[in-house]
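Listed below are the residues making up each chain.
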Amino acid sequence: MLPDDPFAPASFDDPEPPRAPRSSAPWICAIALLLALATAVVLFLNVGRWLVVEDPLEKANAIVVLSGRIPMRALEAARLYQIAWAPQIWLTHPNEPTASLATLDIDEPGEDALNARVLQHSGVSPADIHTLTPAISNTADEILAIAAEAEKQNASVVIIVTTKAHTRRVHALWKKYANSRARIIVRTPVDDSFDPVHWWRSTTDALDVVREVLGMFNIWIGLPLRPAHS
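All values derive from a computational prediction rather than experimental measurement.

1. Regarding the overall build of the chain
- Looking only at helices and strands, one finds seven helices and five strands in the chain.
- In the chain, the succession of α and β elements from N to C terminus is α-β-α-β-α-α-β-α-β-α-β-α.
- By residue count, 38% of the 230 residues in the chain fall in the buried class.
- Accessible area of the chain: about 14,200 Å², with a carbon and sulfur share of 62%.

2. Some details on helix 7 (residues 203–220)
- Between its first and last C-alpha atoms helix 7 spans 26 Å; for 18 residues at 1.5 Å apiece the expected length is 26 Å, and the two agree.
- Regarding helix 7, the residues found buried are D205, D208, V209, E212, G215, M216, N218 and I219.
- Directly after helix 7, the chain includes G222, whose backbone phi takes a positive value near 95 degrees.

3. What to know about the nonpolar core
- The biggest cluster of nonpolar side chains holds 26 residues, and the ones touching the most others in it are W90, I146, V158, I160 and W174.
- Elements with a minimum of two residues in this core: strand 1 (62–65), helix 5 (139–152), strand 4 (157–161), helix 6 (167–177), strand 5 (183–187) and helix 7.
- With six residues, helix 5 is the single largest residue contributor to this core.
- Beyond its immediate chain neighbours, meaning those up to four positions away, I146 contacts V64, L66, W90, L132, V158, I160 and W174.
- Counting 20 residues, the second-largest nonpolar core is a separate cluster that includes L80, I129, I159 and I185.

4. Points about the environment of I70
- Structurally, I70 is set in the loop between strand 1 and helix 2 (72–82).
- What makes I70 partly exposed here is its relative accessible area of 37%.
- Here the alpha-carbon distance between I70 and D112, two residues 42 residues apart in the chain, equals 9.8 Å.
- Excluding residues that lie within four positions of it along the chain, I70 makes contacts with E111, L114 and N115.

5. Notes on the pattern of salt bridges
- In the structure shown here, the tally under the stated rule is eight salt bridges.
- Among the ionic pairs, E76 bridges to R79, the shortest N-O distance being 2.7 Å. Taken together, the positions of E76 and R79, both in helix 2 and three residues apart, correspond to about one turn of that helix.
- E76 sits in the buried class, given a relative accessible area of 3%.
- With a closest N to O distance of 2.3 Å, R211 and D208 form a salt bridge. Taken together, the residues span about one helical turn, with R211 and D208 both in helix 7 at a distance of three residues.
- The structure contains a network of salt bridges with shared partners spanning R69, R169, D208, R211 and E212.

6. Overview of unusual backbone geometry
- With an omega dihedral of 0 degrees, the bond running from I70 to P71 counts as a cis peptide bond.
- Tracing the chain through its elements places P71 in the loop between strand 1 and helix 2.
- The linkage connecting T133 with the following residue, P134, adopts the cis geometry, with an omega of 0 degrees.
- At R69, a residue that is not glycine, the phi angle is positive and equals roughly 55 degrees.
- On the secondary structure map, R69 appears in the loop between strand 1 and helix 2.
- Exposure remark for R69: the relative accessible area of 32% places this residue in the partly exposed category.
- Phi at A84 is positive, roughly 70 degrees, even though this residue is not glycine.
- Mapping A84 onto the fold places it in the loop between helix 2 and strand 2 (89–91).
- Judged by relative accessible area, which is 42%, A84 ranks as partly exposed.

Calculation notes
- The numbering scheme is per chain: residues are counted from 1 as the chain's sequence reads.
- With the structure being a predicted model, the display of local features is reserved for residues of pLDDT at least 70 and the display and counting of side-chain atom pairs for 80 or more, all residues being used for whole-chain, interface and lining totals.
- The side-chain numbers reported here are obtained from all heavy atoms of the structure, hydrogens and water having been left aside.
- Helix numbers and strand numbers start at the N terminus; a helix is a DSSP run of H or I with at least 4 residues, a strand a run of E with at least 2.
- Classification of residues uses two cut-offs on accessible area relative to the type maximum, computed with a 1.4 Å probe and protein chains only: under 20% is buried, over 50% is exposed, and between them is partly exposed.
- In these tables, accessible area is a Shrake-Rupley quantity obtained with a 1.4 Å probe, and a residue counts as shielded only by the protein chains included in the view.
- Each helix should span, by expectation, one fewer than its residue count multiplied by 1.5 Å.
- What is meant by a nonpolar core is a set of buried Ala, Val, Leu, Ile, Met, Phe, Trp, Tyr and Cys residues, joined one to another through side-chain atoms within 4.5 Å.
- What makes two residues a contact is simply this: any of their non-hydrogen atoms within 4.5 Å.
- Whenever Lys or Arg places a side-chain nitrogen within 4 Å of a carboxyl oxygen from Asp or Glu, that contact is recorded as a salt bridge.

Take a look at the structure:
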C-alpha cells in the first residue's frame, strides 16, 4: 500500500449546517387561545350577575310599572305602594298587541288596563293610578315617557319596577336618553325567579340573558335597531 501523499491537499468534512431556531409562534397562539377561552368562560358564568343592578329603596314621588310580565311587576308596585314608598303608580301604554288586534275588530284592553286591574285588586286606589302617554313600543320609549312625566310633575325620585335581567338596561337607557333631573330607583319583584348565577339552566333565563345582552349592545351603538311596530 502506497503511503499517503504528504503533499496532497488536506480534505475536511463539511460542517453540519446550523439548525433553524424553533419558532415560539405555536406556543404564543396556544396561550392566547387558552386566555381567550378562559375569558369567555368567565364572561359566560358572570353575565347573569352583571345584568342585575338593583338599587336601595327610598321614598319616591311615584312607582312606575314597566310593560311586560303581567301581573308580576304590577304586584310588586302594589306592594311598594301599600308600604308607602310612593303615593302614586304610573303605567306605560304599549301600542301592541292592541293596535294589531284592532285591525281585526278585536277589542283588547291593553297591558296598562290589565295592570290597572291588578293594582286595584291589590288595594291601590284608582285615583293613584296614572297611565302615561304617548303609546310606547320598547323600553327606550318608556324611559322617555317616564322622564317627561317626572319633569311635568317636578318629581325628584321615581321607583321603576322591572324584572332582574332587565335592570341594567333600564339604568343604561335612563343615563343615556332621559332628559330629566329625577333620579331612578330600579327594583325587582320579590318573586322574580331569574337565577343570575345559574341562568343557563333555564330556557326562560337564557332567553332573558340573550335579549338583554343584545339590548345593551344596541344601546352602546346608538339604538340603530328599532322595534318592528312603531
